[in-house]
Amino acid sequence: MFGVVIIDDEYVIREGIRKTIDWDTLGCEIIGEAEDGEEGLEIIRHKKPDIIITDIRMPGIDGL
């Protein structure tokens, strides 16, 4: 299984990504979710995901 982290400042977008994709079929599992870049960076450091889906424009640290 590939670990996936979703980072976006809009809850609706995070929820849409989480719910509309059949992660199991793709061999993926969502291991973390963050609402800004700083929180996302902490999750990335601790969980070490294989895939990161991130918004580019966010308050604080951007997705790039």
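Parameters at a glance
- Residues numbered from 1 in each chain as written.
- Predicted model: local features only at pLDDT ≥ 70, side-chain atom pairs only at ≥ 80, totals over all residues.
- Heavy atoms only, no water.
- Pairing = 2+ DSSP bridges.
- Helix = DSSP H or I, 4+ residues; strand = E, 2+ residues; numbered from the N terminus.
- Right-handed = clockwise from strand over helix to strand, strands pointing away.
- Buried < 20%, exposed > 50% of the residue type's maximum accessible area, 1.4 Å probe, protein only.
- Lys, Arg positive; Asp, Glu negative; His and termini not counted.
- Salt bridge = Lys/Arg side-chain N within 4 Å of Asp/Glu carboxyl O.
- Polar contact = N/O pair within 3.5 Å; in protein donor to acceptor, adjacent residues only side chain to side chain.
- Contact = heavy atoms within 4.5 Å.
- Axes fitted to C-alpha atoms, helices over the stretch in contact; angles between N-to-C directions.

J.: When you look at the pairing of strand 2 (residues 28–34) in this model, what are you seeing that I'm missing?
T.: Remember that side chains alternate between the two faces of the sheet whenever the strand is regular. Where strand 1 (residues 2–7) meets strand 2, six bridges bridge the pair, whose relative direction is parallel. In the sheet register, I6 faces strand 2, and the bridge partner there is E33. Between strand 1 and its parallel partner strand 2, the chain crosses via helix 1 (residues 11–20), and the hand of that crossover is right-handed.

J.: How should the pairing of strand 1 be read in this particular structure?
T.: Where burial is concerned, most of strand 1 is hidden: five out of the six residues are buried. Pairing analysis gives four bridges linking strand 1 to strand 3 (residues 51–54), with the strands arranged parallel. Within strand 3, the position partnered with I7 by the bridge is T54.

J.: I'm lost on the side chain of D55 in this one. Help?
T.: The topology assignment puts D55 in the segment after strand 3. Buried within the structure, D55 lacks any salt-bridge partner; R57 is the closest side chain of opposite charge, at an N-O distance of 7.5 Å. A polar contact of 3.4 Å, which involves the side chain of D55, links it to the backbone nitrogen of R57. Those residues in contact with D55, other than ones at most four positions away along the chain, are I7, D8, D9 and G63.

J.: Is there a simple way to explain unusual backbone geometry in this structure?
T.: The phi torsion of most residues other than glycine is negative, and most of the peptide bonds are trans. Here the phi dihedral of K48 falls at roughly 50°; this positive angle occurs in a residue that is not glycine. Looking at where K48 falls in the secondary structure, it is placed in the loop between helix 2 (37–47) and strand 3. Among the residues examined, K48 registers a relative accessible area of 61% and is labelled exposed.

J.: Would you mind going over the sheet that holds strand 2 with me for this structure?
T.: Paired through their backbone hydrogen bonds, the strands of a sheet run either parallel or antiparallel. Spatial strand order, 2-1-3: three strands in an open sheet with parallel pairing. Two strands bound the open sheet, and with one partner strand each, they are strand 2 and strand 3. Neighbouring strand axes in the sheet, compared pairwise and without regard to direction, differ in orientation by 20° on average. Running at roughly 170° to strand 2, helix 1 makes contact with strand 1, strand 2 and strand 3 of the sheet. Lying over the sheet, helix 2 contacts strand 1, strand 2 and strand 3, oriented at roughly 140° with respect to strand 2.

Read these as geometric descriptors, not functional statements.
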